Amino acid sequence: MCTPKSAGGLNLVNLKGWNKEAILKMCWDIEQKQDRLWIKWIHSYYIKGQSMEEIRVPTQACWMVRKILGTKEILHILHNEAVGKKSMIRQAYKQMLGSFSKVEWRNLICCNSARPKAIFTLWLQAQNRLLTKDRILKWKMQVEPVCVMCNQEEETRDHLFYDCIFARKLWRRLLQWIDQNSSSNTKGKNPQAQALRLIYAEYIYTLWKERNTRIFEKHETTMENIARRIAYVCCARANIAARLFLDNVLFRICCCFCLLF
Ligand SMILES: [Zn+2]
């Protein structure tokens, strides 16, 4: 979860790692900024003219001083030329994380203006971590394996979101709404790609929610109503670029809702 979005993570901060780099920065301050009052105090009481390499962590010092001086073994990280003087903690933190290989579906997650819960569902779906019935069956749990959307085939991730006749009709309906075809590109920052990413994330979330509603609440919504719901959310969530693209269909959507209400 703490890896970058491009590497399949959620880009959350690893607080333990960040704290370690923040302590390391204080150790660097002790070595470099000897004009500060608290640093002068540490120098006169504990360091006493020794270099940071020579000094032994004083056992009689308070917990805070021992923690700071205890990081001197990795002080070389901040001496690295690649680490500038600005945002040292952030740069050292990135070095600590190391490099990651990028995942193919990164462009779907990055710069997507969909609702956070839709992005999170898409993130789980891309890694096949949603609790579809094929996964539950692998845990030897008793569950009816048939897909509730079509009642024809076994429910797997690929079937539920791509191969199921219901899903295919719904996706085709959404593409028809924005006047696109199935080969439309979702890469890049152009308005069309941003709108497609937004619609795709909301499509995955809404379809997953409908599947859960059918299983747990025994309630079904028609494909047309689901498509309208997705269209409504996309119009409300679209950023400036995606809105530019969706502008030419807004009038049609408004007409649909006028007819509904
Ligand atoms: Zn199905």
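- For the protein chain, an unreviewed UniProt entry supplies the name Reverse transcriptase zinc-binding domain-containing protein and the organism Solanum pinnatisectum.

**Considerations on the overall build of the protein chain**
For step 1, the next point in the chain: Check the secondary structure of the protein chain and you find 13 helices and zero strands.
For step 2, the next point in the chain: Sequence-ordered secondary structure for the protein chain, helices as α and strands as β, is α-α-α-α-α-α-α-α-α-α-α-α-α.
For step 3, the next point in the chain: Within the protein chain, counting contacts between residues at least 6 apart in sequence, those at least 24 apart form 58% of the total.

**A look at the nonpolar core**
For step 1, the next point in the chain: Membership of the largest hydrophobic core comes to 34 residues, with the highest contact counts inside it found for L122, L198, I199, A201, Y203, I204 and I230.
For step 2, the next point in the chain: Contributing elements (two or more residues each) for this core: helix 6 (106–109), helix 7 (116–126), helix 9 (157–163), helix 10 (165–177), helix 11 (191–216), helix 12 (223–237) and helix 13 (240–260).
For step 3, the next point in the chain: Setting aside residues up to four positions removed in sequence, I204 forms contacts with T121, L122, Q125 and F161.
For step 4, the next point in the chain: If you look at the next biggest cluster of nonpolar residues, it comprises seven residues, including W28, I68, L69 and A92.

**A word on the environment of K40**
For step 1, the next point in the chain: Examined against the element boundaries, K40 turns out to sit in helix 2 (residues 37–47).
For step 2, the next point in the chain: Once the C-alpha coordinates of K40 and I30 are considered, the two residues, 10 residues apart in sequence, prove to be 8.4 Å apart.

**Description of the environment of L198**
For step 1, the next point in the chain: Here L198 lies in helix 11.
For step 2, the next point in the chain: The exposure class of L198 is buried, given the 30 C-beta atoms found within 10 Å.
For step 3, the next point in the chain: As a C-alpha pair, L198 and A242 span 44 residues in sequence and 8.2 Å in three-dimensional space.
For step 4, the next point in the chain: In this structure L198 touches N112, S113, A114, C234, R237, A238 and A242, once residues within four positions along its chain are discounted.

**Some remarks on the packing of helix 10 against helix 11**
For step 1, the next point in the chain: For the pair helix 10 and helix 11, interaxial distance at closest approach is 11 Å and the crossing angle is 150 degrees. Helix 10 and helix 11 meet at a crossing whose hand is right-handed. Across the interface between the two elements, A167, L170, W171 and L174 from helix 10 touch I199, Y203 and L207 from helix 11.

**A word on the packing of helix 1 (residues 15–32) against helix 5 (residues 88–97)**
Helix packing geometry: the angle between the two helix axes and the distance between the axes.
For step 1, the next point in the chain: Two numbers describe how helix 1 lies on helix 5: the axes approach to 9 Å, and their chain directions differ by 130 degrees. Judged on the interaxial angle alone, helix 5 and helix 1 are oblique. The chirality of how helix 1 crosses helix 5 is right-handed. Every residue of helix 5 that contacts helix 1 at G17, W18, E21, A22, L24 and K25 is listed here: M88, I89, A92, Y93 and M96.
For step 2, the next point in the chain: Partitioning the contact of helix 1 with helix 5 into residue classes produces eight nonpolar, one polar and two charged.

**Quick word on the confidence of the model for the protein chain**
For step 1, the next point in the chain: When pLDDT is averaged along the protein chain, the result is 81, and 87% of the positions lie at 70 or above.
For step 2, the next point in the chain: At the low end of the mean pLDDT range in the protein chain sits helix 13, at 61; at the high end sits helix 9, at 93.

The rules behind each value
- Residues numbered from 1 in each chain as written.
- Predicted model: local features only at pLDDT ≥ 70, side-chain atom pairs only at ≥ 80, totals over all residues.
- Helix = DSSP H or I, 4+ residues; strand = E, 2+ residues; numbered from the N terminus.
- Contact = placed C-beta atoms within 7 Å.
- Core = buried A, V, L, I, M, F, W, Y, C linked by C-beta atoms within 7 Å.
- Buried ≥ 20, exposed ≤ 12 C-beta atoms within 10 Å, placed from the backbone.
- Axes fitted to C-alpha atoms, helices over the stretch in contact; angles between N-to-C directions.
- Left-handed = near helix turned anticlockwise from the far one by under 90°.
- Parallel < 35°, antiparallel > 145°, perpendicular 65-115°, else oblique.
- Nonpolar A, V, L, I, M, F, W, Y, C, P; charged D, E, K, R; others polar.
- pLDDT = per-residue confidence, 0-100.

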